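# Coordinates in review
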Amino acid sequence: MRWWDIDAVLELEKDLFPEDAWSRGMFWSELAHSRGAEATRRYVVALEGERIVGYAGLAAQGDLGDIQTIAVVRHHWGTGLGRLLLTELLRAATAFECAEVMLECRVDNVRAQKLYERFGFEPIGFRRGYYQPGNVDALVMRLTTAPDGGFAAGTSSVQGTENNG
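Here goes a summary of the coordinates provided. Since the model is a prediction, treat every value here as computed from it, not as a measurement.

### Concerning the packing of aromatic side chains
Counted under the stated rule, the structure contains six aromatic pairs. For the ring pair Trp22 and Phe27, a centre distance of 4.9 Å and an interplane angle of 45° mean the geometry is tilted. In this structure Phe27 comes out as buried when scored by relative accessible area, which is 0%. The interplanar angle of 85° and the centroid separation of 4.9 Å between the aromatic rings of Tyr130 and Tyr131 together place this pair among those described as edge-to-face. Overall, the relative accessible area of 39% leaves Tyr130 in the partly exposed class.

Right, here's the structure in full:
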């Protein structure tokens, strides 16, 4: 993801997450930490032609990765695009030498929870009222590295998409 992708990403963000969409400033802040030798973030977009149809981001600190966001346009739900984006984030977590990856998922987003579980994420707790203003709880999930030092799931390539960044 680059700065010029932010307008399209914001449009998708507001459509998919109308109550708790990220702001322009939040994306700018994340991208500011995604370049150079001291980078601690990895943000990618998936393209269909020239149109952004998905995006995802990971923050890394020490040996901990945190999936910040994954979003896919509705007409691509169930196509495997979310799986491909998550795969890319887990590759980034391996490159950042993360020993574990955490994420929060809305308790009412069963579709996303099933995706994360297929990758080996396990529920470890809740954050009450995490998503505002709707006061929706978050399920906290964690994935730890496989014995080979990488993450066990997610070996597919990102075909049919293009990653910028």
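### Remarks on the sheet that holds strand E4 (residues 100-106)
Ordered by their spatial adjacency, six strands build an open sheet running E1-E2-E3-E4-E6-E5, and the pairing between neighbours is mixed. The sheet is open, and its two edges are formed by strand E1 (41-48) and strand E5 (122-131), each paired on a single side. Strand-to-strand twist across the sheet, computed as the mean angle between neighbouring axes with direction ignored, equals 25°. Summarising the sheet, strand E2 (residues 51-61) and strand E3 (residues 64-72) pair through eight bridges and their orientation is antiparallel. Note that in E3 the partner of Gly57 across the bridge is Thr69. Against the sheet, helix H1 (residues 6-16) contacts E1, E2 and E3, and its axis sits at roughly 90° relative to E2.

### With respect to helix H2 (residues 24-32)
Residues of H2 that are buried include every one of Phe27, Glu30 and Leu31, and no others. The buried residues of H2 occupy one face: seen down the axis, they fall within an arc of 95°.

Definitions and cut-offs
- Per chain, residue numbering runs from 1 following the sequence as it is written.
- It should be noted that, the model being predicted, local features are given only for residues of pLDDT at least 70 and side-chain atom pairs only at 80 or more, the latter also being counted only at that level, while totals for whole chains, interfaces and linings use all residues.
- Excluded from the side-chain calculations are hydrogens and water; all other atoms, namely the structure's heavy atoms, are used.
- Aromatic rings from Phe, Tyr and Trp, taking only the six-membered ring of Trp, are treated as a pair when their centres fall within 6.5 Å; an angle between ring planes under 30 degrees marks them as stacked, one over 60 as edge-to-face, and anything in between as tilted.
- Buried, partly exposed and exposed residues are distinguished by accessible area as a fraction of the type maximum, computed with a 1.4 Å probe on protein chains only: under 20%, between the cut-offs, and over 50%, respectively.
- Each pair of strands is called paired provided DSSP finds at least two bridges between the two strands.
- Numbering of helices and strands starts at the N terminus; helices are DSSP runs of H or I of at least 4 residues and strands are runs of E of at least 2.
- Only the contacting stretch of a helix is used when fitting its axis, a line to C-alpha atoms as for every element, and angles between N-to-C directions run 0 to 180 degrees.
- Whether two residues are in contact is decided by their heavy atoms, any of which lying within 4.5 Å being enough.
- Picture the helix axis, draw a direction to every C-beta atom, and the arc is the one those directions span.

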